[in-house]
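Examination of the molecular architecture
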Amino acid sequence: MSEPIQVPVMADLMAKGEKPDILFWVGCAGSFDQRAQRITKAFARILHHTGIKFAVLGMEETCTGDPARRAGNEFLFQMQALTNIQTLNMYEVTKIVTTCPHCFNTLKNEYPELGGNYEVIHHTQLLQQLIDEGRIKLKEGGTFKGKRITYHDSCYLGRANQIYEAPRKVLELLDAELVEMKRCRTKGLCCGAGGAQMFKEDEPGRIHVNMERTEDVLQSNANVVAAACPFCNTMLTDGVKYHDKQDEIHVLDIAELIAQAADLGE
Amino acid sequence: MAVLVQQLLFLIVLGITGYLVSRKAREIYRNIRLGKPDDRTNEPGKRLRNMLLLAFGQKKMFQNLTPALLHLCVYVAFLITQIELIEIFVDGAFGTHRFFYPYLGGLYTFIISFIEILSVLAFVATIAFLSRRNLLKLPRFTMKELAGWPMLDANLILIGEIILIIGIFSMNTADMTLHHGEYGFAVSQWLMPLFAGFSDGTLHLLERFGWWLHILTVFGFLAYLPYSKHLHILLAFPNSYFADLTSPSGKITNMPRITQEINLMLNPSSVADAPPAAENERFGAKDVQDLSWKNLLDAYSCTECGRCTAACPANQTGKKLSPRKIMMDTRDRLEELGQHLNKNGQDVPDGKSLLHDYISPEELRACTTCNACVQECPVSINPLNIIIELRRYLILEEANSPDEWNKMFNNVEHSGAVWQLPADKRITWIQEIENG
């Protein structure tokens, strides 16, 4: 059992006449998926610990529409976008942080054209900033000392938004050995989940994309794969299981790694 | 007399080539303009920079050193040889011989020597390219979309380059031998022993042979270029100029007409304000005319190098999708449509379309939208954009979607989440964390 913390919900804050500095957009994976909920909790603990005035939309949050748009269902995407923009504008949201690169990309790049203008950052960017400001102190001795960590670039952070360094800068603080996979940064191989692939079976082929990517992980000899996307996390976790390496290789989000290294509980 | 005949012949061939090239160029321009409008004229400074870096400077080629260096040899040789081509044109049109030599002297020797050295490098690179394709059989050059014509096209261009170089050296070496090495060209002086003992008449004939071989290959190349993947040598420039300013980008182009439809639905009284939709305008793209002109320029700019396909996660794991094939299909379909236009003078439906007849839903559905293809393209082609437009048509016009996607759409529509879970489950994690 970890220490209980309060997670402020936007509507409650509003009722009290308060406004958060930043909205934590949790996303569908972060809200519903049991594995991704652990990422959400770890990040909420970090936000709580650093004393950032944040809030979540709670039951008022809905899918950003990312998978619908990429599948080709523009109508559904825009319905979602317009609904969410209405909610966000009603609460006069100005700054959003999210643990999902897909939500991040959609909120940051695709909502402005439909009337939603916010400063949107990914949690790895906020973590880097908090660490730079000395607001997160990692435990002495180093939880990950002697471990080999490799970072898997999420397509929607990397190629789609040119965020390659922030996640790596955060990982550098863990006092672990960082190794790159043969395909990384602009050449990073997709986990196979993007473009609404997460929600259907693969087309016929030689191998699943996540298994191909996991082979890169195995070649890197890492003990920990750091992910920055809940969907990559699922895909890589499955890939590691497929290769029967779940006892040797752990797939963890950067927020989880930091929460563990700062001893913030689970 | 012989000079006059050659002059006449040169002018006739020049005229025919000019006619053929301009006719095909106008056709390609017309075909590209079949695409939908897309304003790409903002920020000319940034666009110019992109063009200089990507097309002129070959920035992206250098992510892969071996092919980049080989390609650079051919590219620089091609650029610099244009100087010599000016003289060939002047000599051809006015019946002169090495028109610039008396005026430039030492500088002339330097320029031609420079071209000779580059030609040797280009020769080596061309042999390497031919080997990579035909002997080493590099994976990206042996995929099935290259079988037949595309493979032949690539080899023809490479063989054409070798003929061009043979022409240059026959001409220069014969000329040097005739003039006892007076010009002092860097490479051909070493080739002179090959022609030693030939009579002046034979040497003169060899010089003419080289000159004509060179210029006829150039003309043939020009006339052939618009039909070939090799068109990238010209279109790489406009294509990188008009490319997306942020590329790759996770942002997918908006469909303002959908916004309009939604607004009409939510606020029916706004019907009167809405501009009427153009006739036959579709949601997404079924055929090439539904794509933007930039998508079509992309298709003509593609040189089928396959860097996109080699980086594609779907293709690497054995799915049917190949971004290169998407571009080749778009060009093939556009050319087919262009032929119909030439024949009928107007757009008569031929019962075929890019979607289904060329590109299957199975290919489109394998895309993870990871942007690796866009990232890789050395000349700023965006296959992802075409994939998304075709996916849009499948869903919005044909309601053609896998069951699992329909379920996901349903969940999003009815419970606001990608999975079938009620909204109150969204806060389970909050309840858990608040209880410790």
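None of the values given here were measured: they were computed from a predicted structure.

**As for the overall build of chain A**
- The helix and strand inventory of chain A stands at 11 helices and 8 strands.
- A compact globule built from 266 residues would reach a C-alpha radius of gyration of about 18 Å, and chain A, at 18 Å, matches this within 12%.
- Its C-alpha atoms put chain A at 50 × 50 × 30 Å along the principal axes.
- Residues classed as buried in chain A amount to 63% of the 266 residues present.
- Within chain A, residue pairs in contact and separated by at least 24 positions form 79% of the contacts whose partners lie at least 6 positions apart.
- Here chain A has roughly 9900 Å² of accessible surface; of this, 47% comes from carbon and sulfur atoms.
- For chain A, the separation between the mean place of its 29 positive charges and that of its 36 negative charges on side chains is 3 Å.

**Side note on the side chain of Asn161(A)**
Residues and elements named next belong to chain A.
- Along the chain, Asn161 falls in the loop between strand S5 (148–151) and helix H8 (165–172).
- On the basis of relative accessible area, Asn161 is assigned to the buried category, the value being 12%.
- Of the polar contacts made by the side chain of Asn161, one reaches the side chain of Asn105; its length is 3.2 Å.
- Among the polar contacts made by the side chain of Asn161, one reaches the main-chain carbonyl oxygen of Tyr156 at a distance of 2.7 Å.

**Side note on the interface of chain A and chain B**
- Across the contact, 76 residues belong to chain A and 62 residues belong to chain B.
- The junction of chain A with chain B conceals about 5900 Å² of combined surface from both sides, 64% of it contributed by carbon and sulfur atoms.
- At the surface where chain A touches chain B, the tally comes to 6 salt bridges.
- Notably, a salt bridge pairs Lys41(A) with Glu432(B), separated by 2.5 Å at the nearest N-O pair.
- If one sorts the elements of the side of chain A that touches chain B by residue count, helix H5 (residues 74–90) of chain A sits on top with 7 residues.
- Its residues assigned to classes, the side of chain A that touches chain B comprises 34 nonpolar, 23 polar and 19 charged.

**Quick word on the sheet that holds strand S4 (residues 119–122) of chain A**
Residues and elements named next belong to chain A.
- Spatially, S2-S1-S3-S4 is the arrangement adopted by the 4 strands of the open sheet, whose pairing is parallel. For this open sheet the edge positions go to strand S2 (54–55) and S4, each flanked by a neighbour on one side alone.
- In the packing of helix H6 (residues 101–110) onto the sheet, the strands contacted are strand S1 (22–25), strand S3 (95–98) and S4, and the crossing angle to S4 comes to about 160°.

**Some words on the domain arrangement of chain A**
Residue and element names in this part refer to chain A.
- Looking at chain A, the domain boundaries give domain 1 (10–128) and domain 2 (140–261).
- At the junction of the two partners, domain 1 supplies 25 residues and domain 2 supplies 27 residues.
- For the pair domain 1 and domain 2, the summed buried surface comes to about 2100 Å²; carbon and sulfur atoms form 71% of the total.
- The three residues of domain 1 that bury the most area against domain 2 are Arg35, His102 and Thr124, which together make up 24% of that side's buried surface.
- On inspection of domain 1 and its partner domain 2, the count reaches 1 salt bridge.
- Here Arg35 and Glu256 are joined by a salt bridge, their closest N and O atoms 2.8 Å apart.
- Scanning the region where domain 1 abuts domain 2 turns up 7 residue pairs in polar contact (both at pLDDT 80 or more).
- Counting residues per element, the ones that place at least two in the side of domain 1 that touches domain 2 are helix H3 (34–50), helix H4 (66–71), H6 and helix H7 (123–132).
- Counting residues per element, the side of domain 1 that touches domain 2 draws most heavily on H3, at 7 residues.

**Details of the packing of aromatic side chains**
Residue and element names in this part refer to chain B.
- Applying the stated criterion across every chain yields a total of 21 aromatic pairs over all chains.
- Geometrically, the ring pair formed by Tyr241 and Phe242 is edge-to-face, given 5.0 Å between the ring centres and 85° between the ring planes.
- An aromatic cluster of at least three residues, connected via ring pairs, comprises Phe10, Phe89, Trp211, Trp212 and Phe219.
- Taking NZ or CZ as reference, Arg98 lies 5.1 Å from the ring centre of Tyr183, over its face.
- Geometry around Phe141 places Arg133 over its ring, the cationic atom sitting 4.2 Å from the centre.

**Focus on the sheet that holds strand S6 (residues 177–179) of chain A**
All names here are of chain A.
- Read across the open sheet, the 4 strands follow the order S6-S5-S7-S8; overall the sheet is parallel. A single partner strand is all that each edge strand has here, and the edge strands are S6 and strand S8 (250–253). Across the sheet, the axes of successive neighbouring strands diverge by a mean angle of 30°, strand direction being ignored.
- In this structure, S5 lies alongside strand S7 (residues 224–227), joined through 3 bridges in parallel fashion. Its bridge partner being in S7, Tyr151 is matched across the sheet by Ala226.

About the thresholds
Residues numbered from 1 in each chain as written. Chains lettered and ligands numbered in written order. Predicted model: local features only at pLDDT ≥ 70, side-chain atom pairs only at ≥ 80, totals over all residues. Heavy atoms only, no water. Helix = DSSP H or I, 4+ residues; strand = E, 2+ residues; numbered from the N terminus. Rg over C-alpha atoms; globule rule 2.2 N^0.38 Å. Buried < 20%, exposed > 50% of the residue type's maximum accessible area, 1.4 Å probe, protein only. Contact = heavy atoms within 4.5 Å. Areas by Shrake-Rupley, 256 points an atom, 1.4 Å probe, with all protein chains shown as cover. Lys, Arg positive; Asp, Glu negative; His and termini not counted. Charge placed at Lys NZ, Arg CZ, Asp CG, Glu CD. Polar contact = N/O pair within 3.5 Å; in protein donor to acceptor, adjacent residues only side chain to side chain. Buried area = accessible area lost by both parts, 1.4 Å probe. Salt bridge = Lys/Arg side-chain N within 4 Å of Asp/Glu carboxyl O. Nonpolar A, V, L, I, M, F, W, Y, C, P; charged D, E, K, R; others polar. Pairing = 2+ DSSP bridges. Axes fitted to C-alpha atoms, helices over the stretch in contact; angles between N-to-C directions. Domains from an automatic or database assignment. Phe/Tyr/Trp six-rings, centres within 6.5 Å; stacked < 30°, edge-to-face > 60°. Lys NZ or Arg CZ within 6 Å of the ring centre and 35° of its normal.

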